[in-house]
Amino acid sequence: MYSHLIDLNDYSTEQWNVIIDLARDIMKNPHIYEGACTGKIMGTLFYEPSTRTQMSFQSAMLRLGGGIIGFDNPQTSSISKGENLKDTTKTVSGYSDIMVMRHHLEGAVKAAALTADCPVVNAGDGGHLHPTQTLTDLLTLTEEKKRLNDLNIGVCGDLKNGRTVHSLVRALSKYKGNKFTFISTRQLGLPEYIKKALTEEGASCRDVSSIEEALPELDVLYMTRIQKERFESEEEYRRQKDVFILDARKLKAAKDDLIVLHPLPRVDEIAREVDDDPRALYFKQAHYGMYVRMALILIILNYKDFKPKPFFTGEDCGLKCGNERCIVNNEKGLPPKFVEEGDALMCEYCEERVF
Ligand code: CP
């Protein structure tokens, strides 16, 4: 099995640390790694728009001496002629040593990994997961807070559709003593399956309905954008879009050593004036993302023992995934796969519970 990165939970925390430690070494000694991927090619398949993830991956590979191929608009590829996911990804994986992929459908990157001829990295699949953003966030916390445990973390915004949040809180729940405060509306709250996963890890969680209520106690405030593209109507989006806005006045109540993070892009949820506050670290966070992706590329291409735990262990039980945004309901010929999750069955592509 290739060292695909679909879900960070397919790897151990010790393996996460290997990536983070290597990223830190690359930051300190970039010259050592120049040319480390000479002759290697990375395919970047972005079915959905991206600035940071796409360009930081491309920059990472170029800094390592490798080359890049790919598209950032599927309409300029043969997808516009009706080519399916399997045929596109199987073909490009044959041209690439590593393939990085973003898709609007949940489980699409995992589906690509089923038949790919090279390692596949999930650069975001619908509202599901974004593991390399989480690695970026873990590196940012390691550098800026000097720890990944005993943090009081506020997560604000669209927690329902925000894949960066889903990956991050699940990762941070693996470290002892972290407390989560979820700042959201009832409509955009964290999905139940993620809350359940946090509770099972023993993480402390609470829900609040305003930034002001949470801010004074926080070590980290992780702001997120309301994900317009995931709403069914413009009207519903408009109702939610300006509920949570961080500004300089609110920040006065925060600790001096709070850090404000945001995976970006930002729309209006952080006022521009906050950018001048030394606690606002979101642009630095985006910069860390390039180093963590350099480390990830190097490890996937060179560390033979760096393997995920087996996935695609599920079976076709004759059931149908209830998630319309799951790849299995949108791509013909994909085998439905369900795995047991406690006393429920879960779609192995998108993690939707069947019952
Ligand atoms: N954080 C993030 O995924 O940004 P992009 O959508 O610009 O890649």
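Quick caveat: nothing in here was measured; it's all calculated off a predicted structure.

Caption draft 1: Here's a closer look at the sheet that holds strand β3 (residues 98-103). Within the open sheet, the four strands sit side by side as β2-β1-β3-β4. Their pairing is parallel. Two strands bound the open sheet, and with one partner strand each, they are β2 (67-71) and β4 (120-125). Averaged over all neighbouring strand pairs, the angle between strand axes comes to 15°, with direction disregarded. As judged from the four bridges shared by β3 and β4, these two strands associate in the parallel manner. Pairing of M99 across the sheet is with V120, part of β4.

Caption draft 2: Region of interest: the site of the ligand. Around the ligand sit S50, T51, R52, T53, R102, H130, Q133, P263 and L264, and that is every residue in its neighbourhood. Between an oxygen atom of the ligand and a side-chain N or O atom of R102, the distance comes to 2.9 Å. Here an oxygen atom of the ligand and a side-chain polar atom of H130 are 2.8 Å apart. When isolated, the ligand has an accessible area of 250 Å², and the protein chains bury 92% of it. Tallied by class, residues from the shell around the ligand come to two nonpolar, five polar and two charged. Shared between two domains, the shell around the ligand holds at least three residues of each, these being domain 1 (8-130 + 287-302) and domain 2 (131-283).

Caption draft 3: Broad picture of the pairing of β3. Of all six residues in β3, six are buried, a share of seventy percent or more. Residues I98, V100 and R102 of β3 are buried on one face, and the alternating residues M99, M101 and H103, pointing to the opposite face, are buried as well. Summarising the sheet, strand β1 (residues 41-46) and β3 pair through five bridges and their orientation is parallel. Within β3, the position partnered with G43 by the bridge is M99. Following the backbone out of β3, through helix α5 (residues 108-115) and into the adjacent parallel β4, one traces a crossover that is right-handed.

Caption draft 4: Geometry of the domain arrangement of the protein. Split by domain assignment, the protein resolves into domain 1 (8-130 + 287-302), domain 2 (131-283) and domain 3 (314-355). The gap between the C-alpha centroids of domain 1 and domain 3 is 25 Å. On the domain 3 side, the residues contacting the 12 residues of domain 1 number 12 residues. Summing both sides of the interface, domain 1 and domain 3 together bury roughly 1000 Å²; the carbon and sulfur share of this comes to 57%. Between domain 1 and domain 3 we count one salt bridge in total. The shortest N-O distance in the salt bridge between E106 and R325 comes to 3.6 Å. Where domain 1 touches domain 3, the interface holds eight residue pairs in polar contact (both at pLDDT 80 or more). Tallied by class, residues from the side of domain 1 that touches domain 3 come to six nonpolar, three polar and three charged.

What counts, and at which threshold
- Each chain has its residues counted from 1, following the order in which its sequence is written.
- Only residues with pLDDT of at least 70 are given local features in this predicted model, and only at 80 or more are side-chain atom pairs given and counted; all residues enter the totals for whole chains, interfaces and linings.
- The side-chain values count all of the structure's non-hydrogen atoms but skip hydrogen atoms and water molecules.
- Strands qualify as paired when DSSP identifies two bridges or more between them.
- Under the DSSP-based scheme used, a helix requires at least four consecutive residues in state H or I and a strand at least two consecutive residues in state E, with every element numbered from the N terminus.
- What counts as an axis is a line fitted to C-alpha atoms, over the stretch in contact for a helix, and the angles between N-to-C directions run from 0 to 180 degrees.
- It suffices for a single heavy atom of a residue to lie within 4 Å of a molecule or strand for the residue to be listed as near it.
- Think of a polar contact as two N or O atoms within 3.5 Å of one another; within protein, one of them needs to be a possible hydrogen donor and the other a possible acceptor, and neighboring residues in sequence only count if both atoms come from side chains.
- Per-residue accessibility takes into account occlusion by the displayed protein chains alone, with areas from the Shrake-Rupley method and a 1.4 Å probe.
- When residues are sorted by character, Ala, Val, Leu, Ile, Met, Phe, Trp, Tyr, Cys and Pro go into the nonpolar class, Asp, Glu, Lys and Arg into the charged class, and all the rest, Gly among them, into the polar class.
- Just so you know, the domain bounds were taken from an automatic or database domain assignment.
- Relative accessibility thresholds used throughout: buried, under 20% of the residue-type maximum; exposed, over 50%; partly exposed, between the two (1.4 Å probe, protein chains only).
- If the strands point away from the viewer and the path from the first strand over the helix to the second runs clockwise, then the crossover is right-handed.
- Two residues qualify as a contact provided that any one of their heavy atoms is within 4.5 Å of a heavy atom in the partner residue.
- What gets called buried area is simply the loss in accessible area from a 1.4 Å probe that two parts show on being joined, summed for both.
- By definition, a salt bridge exists where a carboxyl oxygen of Asp or Glu is found within 4 Å of a side-chain nitrogen of Lys or Arg.

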